[in-house]
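The residues making up each chain are set out below.
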Amino acid sequence: MKHARQNEITAHLDGALSPEKGKRLLDHLAQCERCRSLEEEIRRERDLVDRAFRGLDPSNIPAPPEISRPTGGKVHSFSIPKTGVGKRYSRIAAAALLLAAAALSAVLILSVAGRHPGVSYAELEEHALGSFRAETPAKAAGRPMIRSVRAGGRAARAYIIRDRDTSVTFVWIERSIEKDGNHENIL
Amino acid sequence: MTSPGQGFEPVFRDHYRPVFVFLFRLSGKEEEARDLTQEVFLKAYRAITGGAVLRNPRAWVYRIAANTWRTHLGRRRLWHSAVRRNPGGLPGWGPSGQEPGPDAALLSRERERRIRSAFERLSRGDRLALELRTSGLSYPEIARVLGIRIKSVGKMLFRARHRLAEYLKTEGIE
């Protein structure tokens, strides 16, 4: 048999060789010192890389946001009625809506964060959603948008995507709580 | 009859955490990884409700994640060039301001910085291949995500590990 190739040995160590190819390789390794030392070198590199990867693992893996039931959970779908604004005026309307939404969001975030450390999640979510409702008609369809509202160690992040064809807007609310300086998602 | 979003739930439930870890390793920033993870699943939701047929949901989701990461890198490059143009720093984007921790924490951060520095030297393709393998994807799944032949996966992984091992050694990580 010819000497083993590096990619073959790699696939063997990764358990990705077929049983026949694996057996052939093992038979060859048993009688070829050169290929055994190559295997040893590839194994050492693989172990080093695996150890390095473990050094990059996150200390906190957030739980997935709750998505189970649109009614009782935190995923909402709603249709946004057409604004009825003609094409001619749509850009002006869009700009006005954007400005209004930006101002509204800033006021809401500042007021919530500054004055109500015990604010409830329901309130936070409502603020995040409120800015979306104002903004959505002006935004390009299909682009995800993200808004965060935080207060008193609590945070609600709202994500939105608007379906171009159905005009249905999908809003996804994620709650998190501050713990030891990090934000952990909660259900 | 099933609702359009019904196919989304198992994909979301099974892959949310692994995709977050995958993107965290690539990004190194928790907030960024969270946002990218959400972006991935919003795209997935839209595709599934749009009628996408999933033969291999894991490979499919990771493909979205890999593409999201690539797009993000493009955006980040713009950001980096903006930072280079403003060596004094951009308004509101100073250093993290963290207090130095105990020696052990400093050492650990230094080690992580060196590992990241070694990873940064890999090509985008090599890095993605390694990340996908570490995330537990099989060779056929990696091939599908990266759009390459299954035969090429072993070659790519060998090359990526070999280079990364060299870079790690130059960073003093053995």
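Criteria and cut-off values
Residues numbered from 1 in each chain as written. Chains lettered and ligands numbered in written order. Predicted model: local features only at pLDDT ≥ 70, side-chain atom pairs only at ≥ 80, totals over all residues. Heavy atoms only, no water. Axes fitted to C-alpha atoms, helices over the stretch in contact; angles between N-to-C directions. Helix = DSSP H or I, 4+ residues; strand = E, 2+ residues; numbered from the N terminus. Parallel < 35°, antiparallel > 145°, perpendicular 65-115°, else oblique. Contact = heavy atoms within 4.5 Å. Nonpolar A, V, L, I, M, F, W, Y, C, P; charged D, E, K, R; others polar. Buried < 20%, exposed > 50% of the residue type's maximum accessible area, 1.4 Å probe, protein only. Phe/Tyr/Trp six-rings, centres within 6.5 Å; stacked < 30°, edge-to-face > 60°. Bend = angle between axes of the 7 residues up to and from the residue. Core = buried A, V, L, I, M, F, W, Y, C linked by side-chain atoms within 4.5 Å. Expected span 1.5 Å × (residues − 1). pLDDT = per-residue confidence, 0-100. Salt bridge = Lys/Arg side-chain N within 4 Å of Asp/Glu carboxyl O.

**Re the packing of helix α5 (residues 124–134) of chain B against helix α7 (residues 150–170) of chain B**
The relative placement of two packed helices comes down to the angle between their axes together with the axis-to-axis distance.
All names here are of chain B.
Link 1 in the chain: For the pair α5 and α7, the least separation of the axes is 9 Å and the interaxial angle reads 100°. Taken together, the axis directions place α5 and α7 in an arrangement best described as roughly perpendicular. Along the contact surface, α5 presents Gly125, Asp126, Ala129, Leu130 and Arg133, while α7 presents Met156, Leu157, Arg159, Ala160, Arg161, Arg163 and Leu164.
Link 2 in the chain: In terms of residue class, the contact of α5 with α7 is built from 6 nonpolar, 1 polar and 5 charged.

**Describing the side chain of Glu8 of chain A**
Residue and element names in this part refer to chain A.
Link 1 in the chain: Mapping Glu8 onto the fold places it in helix α1 (residues 6–13).
Link 2 in the chain: Look at Glu8 and you get buried, because its relative accessible area is 17%.
Link 3 in the chain: Sequence-distant contacts of Glu8, defined by excluding residues within four places in its chain, comprise Leu17 and Leu25.

**Quick notes on the packing of aromatic side chains**
Residues and elements named next belong to chain B.
Link 1 in the chain: One pass over the full model with this rule turns up 6 aromatic pairs over all chains.
Link 2 in the chain: On the basis of an interplanar angle of 85° and a centroid distance of 5.3 Å, the ring pair of Phe12 and Phe41 is categorised as edge-to-face. One end of the pair, Phe12, is in helix α1 (residues 8–27); the other, Phe41, is in helix α2 (residues 30–49), and 29 residues separate them in sequence. A single burial state applies to Phe12 and to Phe41, both of which are buried.

**Overview of α1 of chain B**
Link 1 in the chain: If you look at α1 of chain B, its biggest bend is around 50°, right at His15 of chain B, and the proline Pro18 of chain B turns up within four residues after that.
Link 2 in the chain: Phi turns positive, to about 80°, at Gly28 of chain B, one or two residues after α1 of chain B.

**Things to note about the nonpolar core**
One recurring pattern in soluble globular proteins is that nonpolar side chains are buried together.
Link 1 in the chain: Membership of the largest hydrophobic core comes to 56 residues, with the highest contact counts inside it found for Leu23 and Phe41 of chain B.
Link 2 in the chain: Going through the elements one at a time, α3 (33–54) of chain A together with α1, α2, α3 (57–85), α4 (103–120), α5, α6 (139–146) and α7 of chain B are the ones with two or more residues in this core.
Link 3 in the chain: Ala4, Leu13 and Cys35 of chain A together with Phe158 of chain B belong to the second-largest nonpolar core, a separate cluster that totals 9 residues.

**Some details on α3 of chain A**
Link 1 in the chain: Taking 1.5 Å of rise per residue, 22 residues should cover 32 Å, and α3 of chain A covers 32 Å from first to last C-alpha, within 8% of that figure.
Link 2 in the chain: Listing the buried residues of α3 of chain A in full gives Cys35, Glu39, Ile42, Glu45, Arg46, Leu48, Val49, Ala52 and Phe53 of chain A.

**Looking at the confidence of the model for chain A**
Residue and element names in this part refer to chain A.
Link 1 in the chain: Scored by pLDDT, chain A comes out at a mean of 66, with 34% of its residues at no less than 70.
Link 2 in the chain: Of all helices and strands in chain A, the one with the weakest mean pLDDT is strand β1 (residues 75–79) (43), whereas α1 scores best (95).
Link 3 in the chain: This stretch, residues 67–90, has a pLDDT under 50; its non-local contacts, to residues over four places away or in other chains, come to 44 contacts.
Link 4 in the chain: Contacts for the low-pLDDT stretch residues 109–117, under 50 throughout, to residues beyond four places or in other chains number 15 contacts.

**Observations concerning the pattern of salt bridges**
Link 1 in the chain: Applying the stated criterion across every chain, the model contains 19 salt bridges over all chains.
Link 2 in the chain: Note that Asp14 of chain A and Arg46 of chain A form a salt bridge whose closest N and O atoms lie 2.9 Å from each other. You can see Asp14 of chain A sitting in the loop between α1 and α2 (19–31) and its partner Arg46 of chain A sitting in helix α3, a full 32 residues away along the chain.
Link 3 in the chain: Between Arg116 of chain B and Glu112 of chain B there is a salt bridge, with its nearest N and O atoms 3.4 Å apart. Within this pair, Arg116 of chain B and its partner Glu112 of chain B are both found in helix α4, separated by 4 residues, close to a single helical turn.

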